[in-house]
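These are the residues of each chain, in order.
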Amino acid sequence: MPAILVGALLLSIPTLKLGNQLHIWTIVTVGRSWLDGIVAEAQNAPGPAEGYASSRDGFIPYIVDQGPPIRVVFESNPGFLDNWSGIVFDPTGKVMQARGWDAAGKFYADAEVTELFRGDIVSCRHLRAEYYYCSFT
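Residues numbered from 1 in each chain as written. Predicted model: local features only at pLDDT ≥ 70, side-chain atom pairs only at ≥ 80, totals over all residues. Heavy atoms only, no water.

I would appreciate a short explanation of the overall build of the protein in the present structure.
For the protein, the helix and strand inventory stands at 3 helices and 6 strands. The order of helices and strands in the protein, counted from the N terminus, is α-α-β-β-β-β-α-β-β. Residues counted as buried form 34% of the 137 residues belonging to the protein. Of the accessible surface of the protein, which amounts to about 8,100 Å², a share of 62% is contributed by carbon and sulfur atoms. (Helix = DSSP H or I, 4+ residues; strand = E, 2+ residues; numbered from the N terminus. Buried < 20%, exposed > 50% of the residue type's maximum accessible area, 1.4 Å probe, protein only. Areas by Shrake-Rupley, 256 points an atom, 1.4 Å probe, with all protein chains shown as cover.)

Whenever I open this one, unusual backbone geometry confuses me. Can you help?
Note on backbone geometry: most residues besides glycine have negative phi, and most peptide bonds are trans. The phi angle at alanine 129 is positive, at roughly 50°, despite the residue not being glycine. You can see alanine 129 is positioned in the loop between β5 (121-128) and β6 (131-136). Assessed through its relative accessible area of 42%, alanine 129 is described here as partly exposed.

Looking at this model, I keep getting lost on helix α2 (residues 32-44). Mind explaining?
For an α-helix the count is 3.6 residues per turn, leaving residues at separations of three or four pointing the same way. Over its 13 residues, α2 runs 18 Å from end to end, which matches the ideal 18 Å to within 8%, given 1.5 Å per residue. The complete set of buried residues in α2 reads Leu35, Ile38, Val39 and Ala42. Looking straight down α2, one finds its buried side chains confined to an arc of 95°; they lie on one side. Exposed residues lying more than 90 degrees from the buried face of α2 are Ser33, Glu41 and Asn44. (Expected span 1.5 Å × (residues − 1). Arc of directions from axis to C-beta.)

Please clarify how the side chain of aspartate 90 should be interpreted in this entry.
Turning to its location among the elements, aspartate 90 is positioned in the loop between β4 (84-89) and α3 (111-114). Note on aspartate 90: relative accessible area 0%, which makes it buried. Separated by 2.7 Å, the side chains of aspartate 90 and threonine 92 make a polar contact. Within the local environment of aspartate 90, its side chain forms a polar contact with the backbone nitrogen of lysine 94, the two atoms lying 2.9 Å apart. When residues no more than four places from it in sequence are discounted, the contact partners of aspartate 90 are Arg71, Val95, Glu130 and Tyr132. (Polar contact = N/O pair within 3.5 Å; in protein donor to acceptor, adjacent residues only side chain to side chain. Contact = heavy atoms within 4.5 Å.)

The structure is reproduced here in structure tokens:
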């Protein structure tokens, strides 16, 4: 019985990660037209000269960074405490500079990148086109 519990625990972590990856890919592939529509609205809507606009369309809340350039993050995983992750639309690809901290505790990426969306971007990976999956703290 203890071996079964340990085995189940060891298998649960990769299973949860795989489920999260599937969730993200489903949003980016099946829901791509929805994502593109929100981005197009954000790019065409008159907004504040600078700052952020938050909204909720359907089941995913999102935040618009007024830029320039305009960037949008779709919160896909609320996370724990102040940690969260989301699908980021970034036409520049600069979010890929986010690679965590150096030994002195300073972010590798410039403040322009790490301070997007009212949180610190810790890491990003490319999904497809101008969409990235980023983790925030």
